[in-house]
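# Secondary and tertiary structure notes
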Amino acid sequence: MIVSWNTTNQCNMYCDHCYRDAGVKASDELSTTEAKSLLDEIAKAGFKIMIFSGGEPLMRDDIYELVAHAREKGLKPVFGTNGTLITPEVAQRLKEAGTLAVGISLDSTDPGRHDELRRLPGAWNGAVHGMKNCLAAGIPFQIHTTIFDWNQDEALDLTDLAIELGAMAHHFFFLVPTGRAVNIEEESLRAEQYENLLTRIMEKQKQVDIELKPTCAPQFMRIAKQMSMDLRFGRGCLAGTHYCIISPTGNVQPCAYLNIPIGNVREVPFSQLWRDNEVFRILRTMDYKGGCGACGYKKICGGCRARAYFYHDGDYMAEEPWCLYHGRRGA
């Protein structure tokens, strides 16, 4: 199971698509003591992979102390970062604290397009330097690319770049309209575009040694099975079943893009929220509506619950709106 904690709302960028609307540090973010208690609860709940994200997690002063604590509790600490703050010294400190891997955002092969999206001149070069510094320190890294209509044609060129740079994986994050991304909803792909790109990604996976993983496009599991591919993943959408996220102030929600706060770890222990919360319980039933409910692939796909929530007036169990397979029955 995987949990992501937005360690801080503070960020050195102001990205157009940020689901957290990050930038300025929140006034009531979890303290070091509270954060350590949260990590204890995450381990107690049975999670294994602990993602430190943000905002920009490297802007949190106690981040190395928290990574070390996570390791002591048997968690596997990894990062989601824009990479620009990973100097050789930072990379070494991350390694010493127990960081096992780092995910770094790179959204275009064109530095100018990446920098424009991230609202920071030099962001592309900073990310690439961060990758190189991770490699030098012995920390594996993967590239994270948010997919829009304007960069879908260069997605696999970015895979080639990831291989050239020494990445262990390339993960594709398909845009979901939440946070600041609601202002650019029209830049998200539609059903035929999803199907086409996911098919191309799966075909590319047959040709390369690094892992290619679409996120927020769970129908890739159905496409992979139709192509007789054996992936290590058990399911597409993990929201509330094998994954959840925690905000800088302790609010828990099923995923980064499904903005339903279901409780706060300052009021209810995280392990209790994960075990007992009603929203999590409903998500785990897989009693989806419409095409997702009728689909024979629902157990390995699940449809994007966040996209269902946005396009169906808050109904997170509705059908995934951008899937070509609605109403059919699979294996």
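The following paragraphs examine the structure supplied in this document. Since the model is a prediction, treat every value here as computed from it, not as a measurement.

Now for the side chain of Thr241. Tracing the sequence through the fold places Thr241 in the loop between helix 8 (220–226) and strand 8 (243–246). A distance of 3.0 Å separates polar atoms of two side chains, one belonging to Thr241 and the other to His242.

Before going further, it helps to spend a moment on helix 3 (residues 88–97). The complete set of buried residues in helix 3 reads Val90, Ala91, Leu94 and Ala97. The buried residues of helix 3 all sit within an arc of 130° when viewed along its axis, so they share a single face. What points out from helix 3, more than 90 degrees from its buried face, is the exposed set Glu89 and Glu96. As for helix 3, its buried residues are in contact with helix 2 (63–72), strand 3 (76–81) and helix 5 (123–137). Looking at the residues trailing helix 3, positive phi occurs at Gly98, about 115°.

Turning next to unusual backbone geometry. Cis geometry is found at the peptide bond from Gly54 to Gly55, where omega equals 15°. Here Gly55 shows up in the loop between strand 2 (49–53) and helix 2. Phi is positive for Arg119, which is not a glycine, with a value near 60°. Along the chain, Arg119 turns up in the loop between helix 4 (111–118) and helix 5.

The next subject is the pattern of salt bridges. Counted under the stated rule, the structure contains 16 salt bridges. Close ionic contact of Glu195 with Arg222 constitutes a salt bridge, the shortest N to O distance being 2.7 Å. Linking Glu195 in helix 7 (residues 191–205) with Arg222 in helix 8, this pair joins segments that are 27 residues apart in sequence. With a relative accessible area of 17%, Glu195 lands in the buried category.

Moving on to the packing of aromatic side chains. Applying the stated criterion across every chain, the model contains 12 aromatic pairs. Note on Tyr297 and Tyr325: the rings are 5.5 Å apart at their centroids and 70° apart in plane angle, and the pair reads as edge-to-face. Taken together, the residues span a long stretch of sequence, with Tyr297 in the loop between helix 11 (290–294) and helix 12 (305–311) and Tyr325 in the segment after helix 12 at a distance of 28 residues. In this structure Tyr325 comes out as buried when scored by relative accessible area, which is 10%.

The next point concerns the packing of helix 6 (residues 155–165) against helix 7. Look at helix 6 against helix 7: their axes get within 10 Å of each other, and the N-to-C directions meet at 30°. With respect to helix 7, the element helix 6 is oriented roughly parallel. As for the relative orientation of helix 6 and helix 7, their crossing is right-handed in sense. Residues Ala155, Leu156, Thr159 and Asp160 of helix 6 touch helix 7, and the partners they reach there are Leu197, Arg200, Ile201 and Lys204. A class-by-class count of the residues in the contact of helix 6 with helix 7 yields 4 nonpolar, 1 polar and 3 charged.

For the rest of this paragraph, the subject is the pairing of strand 2. Sheet analysis places strand 1 (residues 2–6) next to strand 2, joined by 5 bridges and oriented parallel. The residue of strand 2 that forms the bridge with Trp5 is Phe52. Crossover connection from strand 1 via helix 1 (residues 32–44) to parallel strand 2: handedness right-handed. Examined bridge by bridge, strand 2 and strand 3 share 4 bridges and lie parallel to one another. Note on strand 3: the bridge partner recorded for Phe52 is Phe79.

Take the pairing of strand 6 (residues 169–174) next. The buried count for strand 6 comes to 5 of 6 residues, which makes it a mostly enclosed element. Two strands pair when backbone bridges link them, and strand 5 (residues 141–147) and strand 6 are joined in this way by 6 bridges, in the parallel orientation. Paired with His144 across the bridge in strand 6 is His171. Each parallel crossover has a hand, and for strand 5 linked through helix 6 to strand 6 it is right-handed. Inspection of the sheet shows strand 6 paired to strand 7 (residues 211–215) by 5 bridges, in the parallel sense.

What counts, and where the lines are drawn
- Residues numbered from 1 in each chain as written.
- Predicted model: local features only at pLDDT ≥ 70, side-chain atom pairs only at ≥ 80, totals over all residues.
- Heavy atoms only, no water.
- Helix = DSSP H or I, 4+ residues; strand = E, 2+ residues; numbered from the N terminus.
- Polar contact = N/O pair within 3.5 Å; in protein donor to acceptor, adjacent residues only side chain to side chain.
- Buried < 20%, exposed > 50% of the residue type's maximum accessible area, 1.4 Å probe, protein only.
- Arc of directions from axis to C-beta.
- Contact = heavy atoms within 4.5 Å.
- Salt bridge = Lys/Arg side-chain N within 4 Å of Asp/Glu carboxyl O.
- Phe/Tyr/Trp six-rings, centres within 6.5 Å; stacked < 30°, edge-to-face > 60°.
- Axes fitted to C-alpha atoms, helices over the stretch in contact; angles between N-to-C directions.
- Parallel < 35°, antiparallel > 145°, perpendicular 65-115°, else oblique.
- Left-handed = near helix turned anticlockwise from the far one by under 90°.
- Nonpolar A, V, L, I, M, F, W, Y, C, P; charged D, E, K, R; others polar.
- Pairing = 2+ DSSP bridges.
- Right-handed = clockwise from strand over helix to strand, strands pointing away.

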